[in-house]
Amino acid sequence: MLLLRNADVYAPRALGLQSLLIGGDTILWMGQASDLPSLPPALATITSEIDLGGLRLIPGLVDAHVHVTGGGGEAGFRTRVPAVPLTRFTLAGVTTVVGLLGTDDVTRGPRDLLATIYGLREEGLNAYGYAGGYHVPLATLTDSVRGDLVLLEPLLGIGELAISDHRSSQPSFEEVLRLAADAHVAGLMTGKAGILHLHLGDGPRGLDFVRRALQESEIPARVFNPTHVNRRKALFAEAVALARDGCCIDLTAFPVADGEDAYSAAEGLQRYLASGAPPDRITISSDAGGCLPCFDADGRVSSMDVGSSGALLETLRTLLQAGMPLATALPPFTANPARLLRLPGKGRIETGASADLVALDATGAAQTVIIGGQIHVRAGQALRRGTFESP
Ligand SMILES: [Zn+2]
């Protein structure tokens, strides 16, 4: 049992100062300290207490696009990014990740992805994944992607399938539609999200396929979940229109240079909300562990960086500095991805929800991080580390 006192709770709604009683991995009670039910003596003796001293307490961040195995490999074997260790997530306030394969679905595969997800789970993180990768035919463990989604519990949908990108396998419209149908039907069978998480490249075809799918098929709009849509301004405008039609769109918190034809995730969210599009149909992810290559006109990599989950709290900080209320800024990092991914108990602070909590210090950094009732970070320091992380 764990009692948190003096937490300024954003659930994401602002609830003011609250106390929370956590039992096991669940928030058992939340309310004013004066209303705290008296615990039976046997429980009181095993309850530890943390006084958060009025710090802002938010739901743990849900990072729904992470190359947990390490991505990359686009400019030679030395550019394969190593697997992302536990504290790269926990110190960044991320309590749930969705792992995926990208460009390199040859030297990385579903076995490696699942093993990495299981490893992160053993270390205390909430970890899930997508089936497949950039290319069709998808790499699968069973005889079909529907089989993978139905039989392999951690896999929530298909992704990141690349379209409108020179690195894609140039899937036909029919192939994309077939995969969306597989994801949707597997979602029906299992109660999982059943979404098709689409990597969008810089290609001028943009979101053509998704618009056509909404017009020509019976597949619900929510199944189509395009990501990186802030990488080009025109692509972003297409994505906002699709969000109005029922798709949930994902912004990537990558660095954006001055004068670049792209929006930062912070600017994208501000523009999205100002447009009046549905506030619950936008999420922000980090692309952690993925390579951030810049290509020259011949398609060769000219420079390279690696995505990090820390970009999420940085984006949140930028939004707050721009004057956005925390309760408005939080859902794309918490409640929205949890709803899209059909992860009950995640992304919200309420009685009965998972005890996945982050206390922010005055600078907006993660001061305390609790995952499933276990304390991972205190005073900004990792108390738990990944198996091969040295102190
Ligand atoms: Zn991608």
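In short, a report on the structure. For clarity, every value in this text was computed on a predicted model and none was experimentally measured. (Residues numbered from 1 in each chain as written. Predicted model: local features only at pLDDT ≥ 70, side-chain atom pairs only at ≥ 80, totals over all residues. Heavy atoms only, no water.)

It is worth spelling out the overall build of the protein at this point. Within the protein, the secondary structure is distributed over 11 helices and 19 strands. For 391 residues, the compact-globule estimate of 2.2 N^0.38 gives 21 Å, and the protein sits close to it at 21 Å. Overall, the protein is about 65 × 45 × 45 Å in size when its C-alpha atoms are taken along their principal axes. The buried share of the protein, reckoned over its 391 residues, is 57%. The long-range share in the protein, meaning contacts at least 24 apart out of those at least 6 apart in sequence, stands at 70%. For the protein, the distance from the average site of its 32 positive side-chain charges to the average site of its 41 negative ones is 2 Å. (Helix = DSSP H or I, 4+ residues; strand = E, 2+ residues; numbered from the N terminus. Rg over C-alpha atoms; globule rule 2.2 N^0.38 Å. Buried < 20%, exposed > 50% of the residue type's maximum accessible area, 1.4 Å probe, protein only. Contact = heavy atoms within 4.5 Å. Lys, Arg positive; Asp, Glu negative; His and termini not counted. Charge placed at Lys NZ, Arg CZ, Asp CG, Glu CD.)

Time to look at empty space enclosed by the protein. Scanning all chains against the criterion turns up four cavities of 30 Å³ or more. Taken as a whole, the largest cavity spans an internal volume of roughly 60 Å³. If you trace the largest cavity, you find it lined by I163, S164, Q170, P171, R205, G206, D208 and F209. Along the lines of polarity and charge, the residues of the lining of the largest cavity split into three nonpolar, three polar and two charged. If you add up the space inside the second largest cavity, you get close to 40 Å³. Forming the boundary of the second largest cavity are H67, T69, G70, G71, G72, L100, L101, G102, T103, D104 and R108. Partitioning the lining of the second largest cavity into residue classes produces two nonpolar, seven polar and two charged. (1 Å grid on protein atoms, 1.4 Å probe; cavity = no way out; pocket = protein on both sides within 12 Å on 5 of 7 lines; lining within 4 Å. Points joined across faces, edges and corners; volume = space filled by probe spheres on them. Nonpolar A, V, L, I, M, F, W, Y, C, P; charged D, E, K, R; others polar.)

Right, let's get into the environment of S48. Note on placement: S48 falls in strand 4 (residues 48-51). A residue is classified by how much of its surface remains accessible, and S48, at 39% relative accessible area, is partly exposed. Sequence spacing of S48 and D104 is 56 residues, and the spatial spacing of their C-alpha atoms is 45 Å. Setting aside anything within four residues of it in sequence, one finds S48 in contact with M1, L2 and L3.

Judged from the three bridges that link them, strand 17 (residues 366-371) and strand 18 (residues 374-378) form a sheet pairing that is antiparallel. Counterpart to V369 in the pairing with strand 18 is V377. Two successive antiparallel strands, strand 17 and strand 18, enclose a turn made up of two residues, where G372 displays a positive phi of approximately 55 degrees. Bridge count for strand 18 against strand 19 (residues 381-382) is two bridges, and the pairing is antiparallel. Note that in strand 19 the partner of R378 across the bridge is Q381. Between strand 18 and strand 19, which pair antiparallel and follow one another directly, the connecting turn spans two residues, one of which, A379, has a positive phi of 50 degrees. (Pairing = 2+ DSSP bridges.)

So, on to helix 5 (residues 173-190). Across its 18 residues, helix 5 extends 26 Å between first and last C-alpha, which sits within 8% of the 26 Å expected from 1.5 Å per residue. Among the residues of helix 5, F173, V176, L177, L179, A180, D182, A183, A186 and G187 are the ones counted as buried. Among the structural elements, helix 4 (145-151), strand 9 (155-163), strand 10 (195-200), helix 6 (208-216) and strand 11 (224-227) are those in contact with the buried residues of helix 5. (Expected span 1.5 Å × (residues − 1).)

The volume enclosed by the largest pocket comes to roughly 730 Å³. Lining the largest pocket are 36 residues; nearest its centre among them are R167, D202, R231, L292 and P293. Taken together, the residues that form the lining of the largest pocket break down as 10 nonpolar, 15 polar and 11 charged. Estimated volume of the second largest pocket: approximately 280 Å³.

The next point concerns the sheet that holds strand 10. Reading across the sheet, the six strands line up as 6-7-8-9-10-11 and stay open at both edges, with parallel pairing between neighbours. Lying at the two open borders of the sheet, with one neighbouring strand each, are strand 6 (61-66) and strand 11. Neighbour to neighbour, the strand axes of the sheet diverge by 30 degrees on average, direction disregarded. With four bridges joining them, strand 7 (residues 94-99) and strand 8 (residues 126-131) adopt parallel strand pairing. When the sheet's bridge partners are listed, V98 is paired in strand 8 with Y128. (Axes fitted to C-alpha atoms, helices over the stretch in contact; angles between N-to-C directions.)

This part is about unusual backbone geometry. With an omega of 15 degrees, the peptide bond running from A11 to P12 counts as cis. Structurally, P12 can be placed in the loop between strand 1 (2-10) and strand 2 (14-23). Not every positive phi belongs to a glycine, and R342 is a case in point at roughly 55 degrees. Residue placement: R342 occurs in the loop between helix 11 (335-340) and strand 16 (357-360). At A379, a residue that is not glycine, the phi angle is positive and equals roughly 50 degrees. Assignment of secondary structure puts A379 in the loop between strand 18 and strand 19. With relative accessibility at 55%, the residue A379 sits in the exposed group.

What follows deals with the side chain of T283. Structurally, the position occupied by T283 is in strand 13 (residues 282-285). Not counting residues within four places of it along the chain, the set of residues in contact with T283 comprises C248, I249, D250, L251, P332, N336 and P337.

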